[in-house]
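Chain residues, written in single-letter form:
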Amino acid sequence: NLVAPYSLAVDEREIIFKPLNRELTKLRKAYKATDGVTAVQLEDFMTVIRKLKGVKKATTKTSTDSEEVQNAHSTSQMSYDQRTNTMDLLISLLQNTANYNPNEAEYQVATYQAKKTLMLQKTQAVADAFIPLNNARSTRNATLYNNDDNLVDIANKAKDYLFTILDANSAQYKAISKIKFKKR
């Protein structure tokens, strides 16, 4: 069964990504407490954090124009790959902040570098587990639906044949007629 390894890989990746928003909130407070961080640096930091969390900066402008609302589109970059790539921005920003050198291990740059490495590994494990699962599903679909001698066509032919030899009022005919075989 190829679903189990894939499901496990997805679950393991989720364990890494799920606490990220809470950790980023705590990191924001640690960054804000760093001596010498300017308002511009904090705003750059918050931009990266919002990107990782998938939220927009709050705006005071609210539009009631239906055309403008209709033209709005999502800018969220919340895929696992996008979030992992955005971690590079966060790490770079932390490395380039002059006085950023927290004592707590959970806020140190090395911790976020290790987390990014783990995020990459878990995402790759999901991709690696998906390939055999997808191949197995393709094989199954070919056997059931797509091949010239697919099972759906064979079952429907057998059903048609049974209808020719059974009485329309028989219990077998009625039971068989309720069975549906269809291609997706």
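Everything that follows concerns the structure shown earlier in this document.
A quick note: this is a predicted structure, and the numbers were derived from the prediction, not measured.

Engineer: Even after reading the chapter, I still don't get the overall build of the protein chain, so can you show me in this structure?
Structural biologist: For the protein chain, the count of helices and strands is eight helices and zero strands. Each helix and strand of the protein chain, placed in order from N terminus to C terminus, yields the pattern α-α-α-α-α-α-α-α. Out of the 184 residues belonging to the protein chain, those deemed buried represent 26%. The long-range fraction of contacts in the protein chain, counting pairs at least 24 apart against all pairs at least 6 apart in sequence, stands at 66%. Accessible area of the protein chain: about 12,600 Å², with a carbon and sulfur share of 53%.

Engineer: Teacher, can you tell me more about the nonpolar core here?
Structural biologist: Inside soluble globular proteins, nonpolar side chains tend to come together where they are buried. Leu24, Leu27, Phe45, Leu90, Leu94 and Tyr112 are the most contacted members of the largest nonpolar core, which totals 23 residues. Those elements that provide at least two residues to this core are α1 (3-17), α2 (20-32), α3 (39-53), α5 (80-95) and α6 (109-146). Once residues lying within four places of it in the same chain are set aside, the contact partners of Leu94 are Leu27, Tyr31, Phe45, Tyr100, Val109 and Tyr112.

Engineer: Explanation requested: the pattern of salt bridges in the structure shown.
Structural biologist: Proximity of charged atoms lets side chains of opposite charge pair with each other. Under the counting rule described, the total for this entry stands at six salt bridges. The partner of Glu23 in a salt bridge is Lys115, and the shortest N-O contact between them spans 3.0 Å. Of the two residues, Glu23 sits in helix α2 while Lys115 sits in helix α6, which places them 92 residues apart along the sequence. Linking Lys26 and Glu106 is a salt bridge whose minimum nitrogen-to-oxygen distance equals 3.4 Å. Of the two residues, Lys26 sits in helix α2 while Glu106 sits in the loop between α5 and α6, which places them 80 residues apart along the sequence.

Engineer: Looking at this structure, I do not really get the side chain of Ser170. What am I missing?
Structural biologist: As for its placement among the helices and strands, Ser170 is situated in the loop between α7 (151-165) and α8 (171-177). In this structure Ser170 comes out as buried when scored by relative accessible area, which is 15%. Within polar-contact distance, the side chain of Ser170 engages the backbone oxygen of Asp167 at 2.9 Å.

Engineer: So what exactly am I meant to see when it comes to the packing of aromatic side chains here?
Structural biologist: Aromatic rings in a pair are described by how distant their centres are and how their planes are angled relative to each other. A full pass over the atoms with the stated rule returns five aromatic pairs. Plain terms: the ring middles of Tyr31 and Phe45 are 4.2 Å apart, the flat faces sit at 5° to each other, and that makes the pair stacked. Note that Tyr31 is positioned in helix α2 and Phe45 in helix α3, a separation of 14 residues in sequence. Where Phe163 meets Tyr173, the ring centres are 4.5 Å apart and the plane angle is 45°; that geometry is what we call tilted. Taken together, the residues Phe163 in helix α7 and Tyr173 in helix α8 connect sequence positions 10 residues apart.

Engineer: Quick question: what am I supposed to make of the side chain of Lys115 here?
Structural biologist: Residue classification places Lys115 among the buried residues on the basis of a relative accessible area of 16%. Apart from residues no more than four positions distant in its own chain, Lys115 is found in contact with Ile16, Leu20, Glu23 and Met87.

Engineer: Help me understand α6, please; the structure alone is not making it clear to me.
Structural biologist: For the α-helix, the turn length of 3.6 residues means that residues three or four positions removed from each other point alike. Here α6 spans 52 Å end to end across 38 residues, near enough to the 56 Å set by a 1.5 Å rise per residue. All of the buried residues along α6 are Val109, Tyr112, Lys115, Lys116, Met119, Thr123, Val126, Ala129, Leu133, Asn141, Ala142 and Tyr145. The secondary structure elements touched by the buried residues of α6 are α1, α2, α5 and α7.

Rules used throughout
- Residues numbered from 1 in each chain as written.
- Predicted model: local features only at pLDDT ≥ 70, side-chain atom pairs only at ≥ 80, totals over all residues.
- Heavy atoms only, no water.
- Helix = DSSP H or I, 4+ residues; strand = E, 2+ residues; numbered from the N terminus.
- Buried < 20%, exposed > 50% of the residue type's maximum accessible area, 1.4 Å probe, protein only.
- Contact = heavy atoms within 4.5 Å.
- Areas by Shrake-Rupley, 256 points an atom, 1.4 Å probe, with all protein chains shown as cover.
- Core = buried A, V, L, I, M, F, W, Y, C linked by side-chain atoms within 4.5 Å.
- Salt bridge = Lys/Arg side-chain N within 4 Å of Asp/Glu carboxyl O.
- Polar contact = N/O pair within 3.5 Å; in protein donor to acceptor, adjacent residues only side chain to side chain.
- Phe/Tyr/Trp six-rings, centres within 6.5 Å; stacked < 30°, edge-to-face > 60°.
- Expected span 1.5 Å × (residues − 1).

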